[in-house]
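# Residue-level structure breakdown
Each chain, letter by letter, is given below.
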Amino acid sequence: MPSSGKSTLGRQIAKSLGYEFVDLDLRIEIAEGKKVAEIFSLNGEEYFRKIENQHLKKIQKDSKLVIATGGGAPCFHDGLEYIKENGISIFLDVKPEMLVERMRVSKKNERPLFDLESKTLLDTVSTKYNERLSTYQKADITVEGDTDPESILWIIDAEFSRK
Ligand SMILES: Nc1ncnc2c1ncn2[C@@H]1O[C@H](COP(=O)(O)OP(=O)(O)OP(=O)(O)O)[C@@H](O)[C@H]1O
Ligand SMILES: O=C(O)C1=C[C@@H](O)[C@@H](O)[C@H](O)C1
Ligand SMILES: [Mg+2]
């Protein structure tokens with residue numbers, strides 16, 4: 001989900017593994033020459049989901065990468081299956097109230113599905129979280145994302161060495 005800590009933790013995990021960190025939204029923005037929000041408004045969500053899935057599938061098994069996908073990537077087309085077949089997946093389980101608090105603190109308001117100005121932001125985030133939860137829970141590893149980053153890294157390291 002947005003603001004769950006993918007970039008913060010992803011970069012740290014990549015560093016500790018000696019892997020490169022990749023932000024899938026950023027890859028899409030570079031390839032399209034547009035921000036995600038512009039792609040949504042000019043081409044629509046369906047188009048975004050199609051190219052998001054295509055970019056996901058450019059990532060090959062065994063590439064030494066830690067990838068932060070957008071929150072919708074596992075939930076559309078065969079995103080989850082592709083992720084599970086080609087890597088180790090981590091669900092950062094941050095509850096809607098905390099996600100909204102983080103969104104407000106970071107003040108980043110460029111998410112087409114989650115408008116910081118909206119009075120119903122918490123409802124929107126809760127609805128998406130609940131709709132997506134059963135997909136996210138199929139990840140190989142689930143960590144409570146409101147744990148401090150160091151402990152999360154420790155949990156992930158321990159799980160990695162068991163796999
Ligand atoms: N484990 C954590 N505990 C407390 N705060 C955190 C934690 N992880 C991330 N944060 C904070 O939450 C905010 C969002 O984190 P981050 O940008 O890493 O999330 P993201 O999932 O990459 O978001 P986006 O969907 O915008 O790409 C940042 O202000 C970050 O400092
Ligand atoms: O949760 C989502 O559906 C999204 C999250 C962002 O990372 C972007 O991929 C886009 O704004 C959609
Ligand atoms: Mg990020």
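Keep in mind that this is a model prediction, so the values were computed, not measured. (Residues numbered from 1 in each chain as written. Chains lettered and ligands numbered in written order. Predicted model: local features only at pLDDT ≥ 70, side-chain atom pairs only at ≥ 80, totals over all residues. Heavy atoms only, no water.)

## Re the pattern of salt bridges
Taken as a whole and judged by the stated rule, the model has nine salt bridges. A salt bridge links Asp140 to Lys84; the nearest nitrogen and oxygen atoms lie 3.2 Å apart. Here Asp140, found in the loop between α7 (121-136) and β4 (141-144), pairs with Lys84, found in helix α5 (residues 79-86); they are 56 residues apart in sequence, far enough to count as distant. By relative accessible area, Lys84 is classed as partly exposed at 35%. Each of the salt bridges in this network shares a partner with another, and the network as a whole consists of Glu29, Lys35 and Glu110. (Salt bridge = Lys/Arg side-chain N within 4 Å of Asp/Glu carboxyl O. Helix = DSSP H or I, 4+ residues; strand = E, 2+ residues; numbered from the N terminus. Buried < 20%, exposed > 50% of the residue type's maximum accessible area, 1.4 Å probe, protein only.)

## A closer look at the UniProt feature "binding site: ATP" (unreviewed entry) in the chain
When the UniProt feature table is mapped to this numbering, "binding site: ATP" (unreviewed entry) covers Ser3, Ser4, Gly5, Lys6, Ser7, Thr8 and Arg111. The topology assignment puts Ser4 in the segment before α1 (6-17). Note on Ser4: relative accessible area 2%, which makes it buried. Each residue touching Ser4, except ones within four places of it in the same chain, is listed here: Leu92, Val94, Leu99, Arg102 and Gly145. Within the secondary structure, Thr8 sits in helix α1. The class for Thr8 is partly exposed, based on a relative accessible area of 46%. (UniProt positions renumbered as here; feature names shortened; annotations may be inferred. Contact = heavy atoms within 4.5 Å.)

## Observations regarding the site of ligand 2
Taken together, the neighbourhood of ligand 2 is formed by 13 residues, with Asp25, Arg49, Gly70, Leu113 and Arg132 sitting nearest. In the environment of ligand 2, an oxygen atom lies 2.8 Å from a nitrogen or oxygen atom belonging to the side chain of Arg49. Contact distances for ligand 2 include 2.7 Å between an oxygen atom and a side-chain N or O atom of Arg132. Contact with the protein chains covers 95% of the free accessible surface of ligand 2, which is 310 Å². For the shell around ligand 2, the leading source of residues is helix α4 (residues 45-56), giving three residues. Residue composition of the shell around ligand 2, grouped by class: six nonpolar, three polar and four charged. (Near = heavy atom within 4 Å. Polar contact = N/O pair within 3.5 Å; in protein donor to acceptor, adjacent residues only side chain to side chain. Areas by Shrake-Rupley, 256 points an atom, 1.4 Å probe, with all protein chains shown as cover. Nonpolar A, V, L, I, M, F, W, Y, C, P; charged D, E, K, R; others polar.)

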